[in-house]
Amino acid sequence: MTAGDSATLQNDMQDACFRPGLEGIPAVQSNIGHVDGQNGRLEYRGIPIEELADKSTFLETCYLLIWGKLPTQSELDAFKFEVNNHRRLKYRIRDMMKCFPANGHPMDALQSCAAALGLFYSRRALDDPEYIRAAVVRLLAKMPTMVATFNLMRKGHDWVMPRDDLGYAGNFLYMLNEKEPSAEAAHIFDVCLILHAEHTINASTFSARVTASTLTDPYGVIASAVGTLAGPLHGGANEEVLEMLEHIGTADRVAAYVDDCVTNRKKIMGFGHRVYKVKDPRAVILQKLAKEMFEKQGGTPHYELALKLETAVEERLGHKGIYPNVDFYSGLVYQHLGIPSDLFTPIFAMARVAGWLAHWKEQLGENRIFRPTQIYTGEHGLPYEEIAKR
Ligand code: SDX
């Protein structure tokens, strides 16, 4: 085979492998999460998401995802104690937040703070299990404090100290609203965190693994992932779903809205998924949470509108596998818990940091730096043209 033949063969092979957005192309081997897109199933370390949402807690689910097994009571108690002891932020991080513009997006604030943690813990002892454990605990513990603290500071309030007598979810709601949440609100929010904790090799997790493969510090890994999640095609849709429902306004305008989107090929926020071609199992659970909450505490017109929109989209786009994803109902639940809509995606990040950290550890376990190839579509050997002649 001549050099020319092998080059042609290589190009043919590359053409055969190329998929925009790597659709359907395995980029990693992993035993952390599993998604069955055709049957609408999601498992964390082999356990169905419905089981975890019903019986576990977010912190226990973090332990499962990151260390690969459900903890014993003493392991869970020790983990909770460690996380409680690392919830506070260094004053320099708080002082840095005071300089952030009050109208800045909380996802940008979160990404900045996550990266800034690396300034204080920059030793990259990636071969030291204690360093790994400390980074896991710090990031899990501090992300909620960062989100809540920025929210208070942008209103001109000072931050509030975390409360060790409150669980992970309850403490976040307390720090956010400066008042202790009901046990029911804390439980609902804890379930939401479980549902958002992991979802295999989505864009932000892929970003985390690519960054991790260069052996940088875990704070830079999480900052990469936060920046990726912020996009409206990924984690940012939950905020846009509420804006969409506000815009539609009333049930009699749903059909026209869907028709306009279909005719003009506009994406309907909170619908569709690269893998799920049926309703996202997380959307099923979130919808049930919303329904129960609204039946007990009084509904919101947005919920009835969302139901009508779901039916209309299923009628028009169900044949293409377009159904609600995790972002469609989450905003309604968060809104009812009194959470500002621009914090919905930071909350997604607070939960997904568990999956990102699990994938970070897995990547380190058998690392090879990501460096894919490309199909070059440019020209070769062009002359440099003097500026006077351009
Ligand atoms: C999550 O990957 C993950 O796991 C993500 C996530 C996680 O937990 O990390 O599950 C999080 O699911 C949140 C997704 C939030 N984003 C949105 O809700 C934004 C709206 N959704 C779309 O942008 C879209 O569905 C994506 C980005 C989620 C998936 O897009 P794909 O797989 O690239 O699909 P595509 O854009 O190639 O669309 C395929 C077809 C197109 O029609 P045709 O050109 O074939 O005729 O489906 C249509 C699209 O027009 N389509 C939609 C649609 N999503 C896809 N049409 C209308 N509204 C939509 N939402």
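Residues numbered from 1 in each chain as written. Predicted model: local features only at pLDDT ≥ 70, side-chain atom pairs only at ≥ 80, totals over all residues. Heavy atoms only, no water.

### Section: the nonpolar core
Point 1. Among the nonpolar cores identified, the biggest contains 119 residues, and L140, F189, I222, L309, I339 and W356 are the most heavily contacted of them.
Point 2. A total of 15 residues in this core trace back to one element, the largest contributor, which is helix α7 (residues 129-154).
Point 3. For this core, the two domains that each supply at least three residues are domain 1 (33-232 + 341-365) and domain 2 (237-336).
Point 4. Setting aside chain neighbours within four positions, we find I222 in contact with A114, L139, M143, V353, W356 and L357. (Core = buried A, V, L, I, M, F, W, Y, C linked by side-chain atoms within 4.5 Å. Buried < 20%, exposed > 50% of the residue type's maximum accessible area, 1.4 Å probe, protein only. Helix = DSSP H or I, 4+ residues; strand = E, 2+ residues; numbered from the N terminus. Domains from an automatic or database assignment. Contact = heavy atoms within 4.5 Å.)

### Quick look at the packing of aromatic side chains
Point 1. The full count for this structure, using the stated rule, is 15 aromatic pairs.
Point 2. Ring centres of F206 and F370 lie 5.6 Å apart, and the angle between their planes is 90°; this geometry places the pair in the edge-to-face category. In this pair, F206 sits in helix α10 (residues 203-212) while F370 sits in the segment after α17 (344-365), placing the two residues 164 residues apart along the sequence.
Point 3. Look at F206 and you get partly exposed, because its relative accessible area is 25%.
Point 4. Ring geometry for Y303 and Y329: centres 6.2 Å apart, planes at 55°, overall tilted. With Y303 in helix α15 (residues 301-317) and Y329 in helix α16 (residues 327-336), this pair connects stretches of sequence that are 26 residues apart.
Point 5. Here the aromatic cluster, defined as three or more aromatic residues joined through ring pairs, consists of F271, F294, Y303, F328 and Y329. (Phe/Tyr/Trp six-rings, centres within 6.5 Å; stacked < 30°, edge-to-face > 60°.)

### Observations regarding the site of the ligand
Point 1. Taken together, the neighbourhood of the ligand is formed by 24 residues, with H199, R265, K267, H273 and R282 sitting nearest.
Point 2. Coverage of the ligand by the protein chains reaches 77% of its 1,100 Å² of free accessible surface.
Point 3. The class makeup of the residues in the shell around the ligand is 9 nonpolar, 7 polar and 8 charged.
Point 4. No fewer than three residues from each of domain 1 (33-232 + 341-365) and domain 2 (237-336) sit in the shell around the ligand. (Near = heavy atom within 4 Å. Areas by Shrake-Rupley, 256 points an atom, 1.4 Å probe, with all protein chains shown as cover. Nonpolar A, V, L, I, M, F, W, Y, C, P; charged D, E, K, R; others polar.)

### What about the pattern of salt bridges?
Point 1. Scanning all chains against the criterion turns up 18 salt bridges.
Point 2. The partner of E310 in a salt bridge is K279, and the shortest N-O contact between them spans 2.8 Å. Taken together, the residues E310 in helix α15 and K279 in the loop between α13 (254-263) and α14 (281-297) connect sequence positions 31 residues apart.
Point 3. Salt bridges sharing partners connect three or more residues here, namely R163, D165 and E180. (Salt bridge = Lys/Arg side-chain N within 4 Å of Asp/Glu carboxyl O.)

### Observations concerning the sheet that holds strand β2 (residues 41-44)
Point 1. The strand order across the open sheet formed by 3 strands is β1-β2-β3, and the pairing between neighbours is antiparallel. Strands with a single pairing partner mark the edges of an open sheet, and in this sheet they are β1 (33-36) and β3 (47-48).
Point 2. With 2 bridges joining them, β2 and β3 adopt antiparallel strand pairing. Looking at β3, one finds that Y44 is bridged to I47. (Pairing = 2+ DSSP bridges.)

### Concerning the domain arrangement of the protein
By a widely used convention, the size of an interface equals the accessible area lost when the partners come together.
Point 1. Here the domain parsing of the protein yields domain 1 (33-232 + 341-365) and domain 2 (237-336).
Point 2. The distance between the C-alpha centroids of domain 1 and domain 2 comes to 26 Å.
Point 3. Contact residues are listed per partner, giving 28 residues for domain 1 and 27 residues for domain 2.
Point 4. On the domain 1 side of the interface with domain 2, the three residues burying the most area are I188, L195 and F344, jointly 26% of the side's total.
Point 5. Of the charged contacts, one joins K296 and E184 as a salt bridge, the two residues approaching to 3.1 Å between their closest N and O atoms.
Point 6. Between the two partners, domain 1 and domain 2, sit 7 residue pairs in polar contact (both at pLDDT 80 or more).
Point 7. Elements with a contribution of two residues or more to the side of domain 1 that touches domain 2: β1, β2, α2 (49-55), α9 (183-195) and α17.
Point 8. Element by element, the count of residues in the side of domain 1 that touches domain 2 is highest for α9, at 6 residues.
Point 9. Residue composition of the side of domain 1 that touches domain 2, by class: 13 nonpolar, 9 polar and 6 charged. (Buried area = accessible area lost by both parts, 1.4 Å probe. Polar contact = N/O pair within 3.5 Å; in protein donor to acceptor, adjacent residues only side chain to side chain.)

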